[in-house]
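Read off the chains here:
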Amino acid sequence: DSGVTQTPKHLITATGQRVTLRCSPRSGDLSVYWYQQSLDQGLQFLIQYYNGEERAKGNILERFSAQQFPDLHSELNLSSLELGDSALYFCASSVGTASSSGNTIYFGEGSWLTVV
Amino acid sequence: GENVEQHPSTLSVQEGDSAVIKCTYSDSASNYFPWYKQELGKRPQLIIDIRSNVGEKKDQRIAVTLNKTAKHFSLHITETQPEDSAVYFCAANGNTGKLIFGQGTTLQVKP
């Protein structure tokens, strides 16, 4: 158990719908990262938050948005869903960021999203 | 932009043999290079990492080497076992604090 909690574990929804994925970082971690992993694909960086503020952005679609709340949990919102959005979405957390001090990044179990 | 290239994409070895996976990175400011192992349907788990102030690090059967001048780093697994079969990802940190991953290497260890 990494200490990073993600809900829901599995989600099936229809095209055009909107879903919210939730992540609770490890106790004491200020950074939250979101990654997308499609079938047989690598880990695509979406977005990172540090202590409530957006820190870095990857190839995140405009239909996707995220935020980190004062209690440090984070939510990833996916809207106008398409079949191609079906993937495993990982949340990860670290104490600081991976730039200055090389903090270890721990991954949650992921949320499986299936769009039908 | 920041990029990490990983090779090979698939690797098949006989049990007991060694396996080597290589990565190159583009951002000369990167100073942290972790390796993750991911089993099917599971989360990536850190197996070893190296920081830019050292050239090599070893932990039992796994070792990582770093060549900052050439901007490449490698994972070495010795005496491979069937339970080493998984997808391995290298990563490098970007200057904004994110972690950029390579494309992954599927390692198969044949008994």
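As shown above, the structure is provided for reference.
Just so you know, these numbers come straight off a predicted model, no measurement behind them.

Criteria and cut-off values
Residues numbered from 1 in each chain as written. Chains lettered and ligands numbered in written order. Predicted model: local features only at pLDDT ≥ 70, side-chain atom pairs only at ≥ 80, totals over all residues. Heavy atoms only, no water. Phe/Tyr/Trp six-rings, centres within 6.5 Å; stacked < 30°, edge-to-face > 60°. Helix = DSSP H or I, 4+ residues; strand = E, 2+ residues; numbered from the N terminus. Buried < 20%, exposed > 50% of the residue type's maximum accessible area, 1.4 Å probe, protein only. Lys NZ or Arg CZ within 6 Å of the ring centre and 35° of its normal. Pairing = 2+ DSSP bridges. Core = buried A, V, L, I, M, F, W, Y, C linked by side-chain atoms within 4.5 Å. Contact = heavy atoms within 4.5 Å. Buried area = accessible area lost by both parts, 1.4 Å probe. Salt bridge = Lys/Arg side-chain N within 4 Å of Asp/Glu carboxyl O. Polar contact = N/O pair within 3.5 Å; in protein donor to acceptor, adjacent residues only side chain to side chain. Nonpolar A, V, L, I, M, F, W, Y, C, P; charged D, E, K, R; others polar.

K.L.:
Explain the packing of aromatic side chains to me, and be specific about the residues and the numbers.
P.N.:
Tallying each qualifying case throughout the model produces 13 aromatic pairs over all chains. For the ring pair phenylalanine 64 of chain A and tyrosine 89 of chain A, a centre distance of 6.5 Å and an interplane angle of 75° mean the geometry is edge-to-face. Of this pair, phenylalanine 64 of chain A sits in strand S7 (residues 64-68) while tyrosine 89 of chain A sits in strand S9 (residues 87-94), placing them 25 residues apart in sequence. The pair formed by phenylalanine 64 of chain A and tyrosine 89 of chain A is uniform in burial state, with each residue classed as buried. On the basis of an interplanar angle of 50° and a centroid distance of 4.9 Å, the ring pair of phenylalanine 33 of chain B and phenylalanine 73 of chain B is categorised as tilted. Taken together, the residues span a long stretch of sequence, with phenylalanine 33 of chain B in strand S4 (residues 32-38) and phenylalanine 73 of chain B in strand S8 (residues 72-77) at a distance of 40 residues. One aromatic cluster in this structure is built from Tyr35, Phe45, Phe90 and Phe107 of chain A together with Tyr36, Phe89 and Phe101 of chain B. Here the basic side chain of arginine 55 of chain A rests over the ring of tyrosine 50 of chain A, its NZ or CZ set 5.5 Å away from the ring centre.

K.L.:
Please provide a residue-by-residue account of the pairing of strand S6 (residues 56-59) of chain B, values included.
P.N.:
The pairing of S6 of chain B with strand S7 (residues 62-67) of chain B spans four bridges and is antiparallel. The partner of glutamate 56 of chain B across the bridge, within S7 of chain B, is threonine 65 of chain B.

K.L.:
So what's going on with the nonpolar core? Which residues, and what values?
P.N.:
Grouped together as the largest cluster of nonpolar side chains are 24 residues, with contacts concentrated most on Trp35, Phe73 and Leu107 of chain B. Only strand S2 (10-14), strand S3 (19-25), S4, strand S5 (45-51), S7, S8, strand S9 (86-93) and strand S11 (105-110) of chain B provide two or more residues apiece to this core. Ignoring anything within four residues of it in the chain, the contact list for phenylalanine 73 of chain B reads Ile21, Lys22, Cys23, Tyr25, Phe33, Trp35, Thr65, Leu66, Cys90 and Ala91 of chain B. Counting 20 residues, the second-largest nonpolar core is a separate cluster that includes Leu46, Ile60, Tyr89 and Leu113 of chain A.

K.L.:
Outline the environment of serine 27 of chain A, supporting the account with residue identities and numerical values.
P.N.:
Within the secondary structure layout, serine 27 of chain A lies in the loop between strand S3 (19-24) and strand S4 (31-37). For serine 27 of chain A and serine 93 of chain A, which are 66 residues apart along the polypeptide, the C-alpha to C-alpha distance reads 9.6 Å.

K.L.:
Describe the interface of chain B and chain A, with residues and values.
P.N.:
Residue-level contacts link 21 residues of chain B with 27 residues of chain A. Carbon and sulfur atoms supply 54% of the area buried between chain B and chain A, which totals about 1,800 Å² over both sides. One can count one salt bridge joining chain B with chain A. Across the salt bridge formed by arginine 43 of chain B and glutamate 109 of chain A, the nearest N and O atoms sit 3.1 Å from each other. There are five residue pairs in polar contact (both at pLDDT 80 or more) connecting chain B and chain A. For the side of chain B that touches chain A, the secondary structure elements donating two or more residues are S4, S5, S9 and strand S10 (99-101) of chain B. Here the side of chain B that touches chain A is composed, by residue class, of seven nonpolar, nine polar and five charged.

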